[in-house]
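# Close look at the chain arrangement
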Amino acid sequence: MFDIKRVNHKLVVGLPTMMSRLTRYVPSSAQAKMLECGLNRFFHNELKQNELAFMSDKQVVIAVSDIGLQFGIRLSGNRLRVALNPAQQDLLLKAEFADFVAMISNQVDPDTLFFRRRLQMLGDTELGLYCKNLLDAIGPERLPAALSRSLAWLAQQQAEQILQTP
């Protein structure tokens, strides 16, 4: 018999492993280009209105620890540029995949994750606060509806997994 809860459980538990394999086998240039395109599209309005000027001469590094993905974001002119595994960083934001999903889908506040030690912020804390405030002002509504719904579903499934784990 088909058990949707069991399928959901296997999907949620296996997703970081699948994502890890993707980051290992997909060429770095393709990963960087995809991230760069997505970020520039998401922040299109802010880039046009120069609201990301606080990132001038700064590099924000995002590290998704359980899937082995680390990328830097920097402002270059009126575009965001992405580099995988950058050598320099002004701010490092590090968490597991599930925690980033929960933040993006507004299921958990970044401050909560920070105080629970599930989100690490190292480096320029002022830059981190600018980033957090910008993302709070935008919210997940800007994401395409299907992606927003998918992330919300995934965050809910991940939360249920945490509650069911002894």
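Everything in this summary refers to the structure shown in the same document. (Residues numbered from 1 in each chain as written. Predicted model: local features only at pLDDT ≥ 70, side-chain atom pairs only at ≥ 80, totals over all residues. Heavy atoms only, no water.)

### Quick look at the overall build of the protein
The following threshold applies: Think of it this way: any DSSP run of H or I at least four residues long counts as a helix, any run of E at least two long counts as a strand, and we number them from the N terminus. Should any heavy atoms of two residues lie within 4.5 Å, those residues are counted as being in contact. Here the accessible surface of atoms and residues is derived via Shrake-Rupley with a 1.4 Å probe, and residues count as covered only by protein chains that are part of the display.
Along the protein, the regular secondary structure elements total seven helices and five strands. Order of helices (α) and strands (β) in the protein, N terminus to C terminus: α-α-α-β-β-β-β-α-α-β-α-α. At a minimum sequence separation of 6, the contacts of the protein that also span at least 24 residues come to 68%. As displayed, the protein has an accessible area near 10,500 Å², and 56% of this comes from carbon and sulfur atoms.

### With respect to the pairing of strand 2 (residues 69–76)
Put simply, the rule reads: The pairing criterion for strands is at least two bridges between them, as found by DSSP.
As paired elements, strand 1 (residues 59–64) and strand 2 share six bridges and run antiparallel to each other. The residue of strand 2 that forms the bridge with Val64 is Leu69. Hairpin remark: strand 1 followed by strand 2, antiparallel, with four residues in the connecting loop; positive phi at Gly68, about 70 degrees. Adjacent in sequence and paired antiparallel, strand 2 and strand 3 (residues 79–84) are bridged by two residues, among which Gly77 carries a positive phi angle near 70 degrees.

### Notes on the pattern of salt bridges
What counts, and what does not: Put simply, a salt bridge is a Lys or Arg side-chain nitrogen that is within 4 Å of an Asp or Glu carboxyl oxygen. The buried label goes to any residue with under 20% of its type's maximum accessible area, the exposed label to any with over 50%, and the partly exposed label to all in between, with areas taken from a 1.4 Å probe on protein chains only.
Under the counting rule described, the total for this entry stands at five salt bridges. For Glu36, the salt bridge goes to Arg81, with nearest N and O atoms at 3.3 Å. Highlighted residues: Glu36 in helix 2 (residues 28–42) and Arg81 in strand 3, separated in sequence by 45 residues. Here Arg81 falls in the partly exposed class, since its relative accessible area comes to 29%. In this structure, Lys58 engages Asp124 in a salt bridge whose closest nitrogen and oxygen atoms are separated by 3.3 Å. Of this pair, Lys58 sits in the loop between helix 3 (44–48) and strand 1 while Asp124 sits in the loop between strand 5 (120–123) and helix 6 (125–138); the two residues are 66 residues apart in sequence, bridging distant segments of the chain. Judged by relative accessible area, Lys58 falls into the partly exposed class, the value being 27%. Of the residues examined, Asp124 reaches a relative accessible area of 24% and is grouped as partly exposed. When salt bridges that share partners are traced, they join Glu96, Asp99 and Arg118 into one network.

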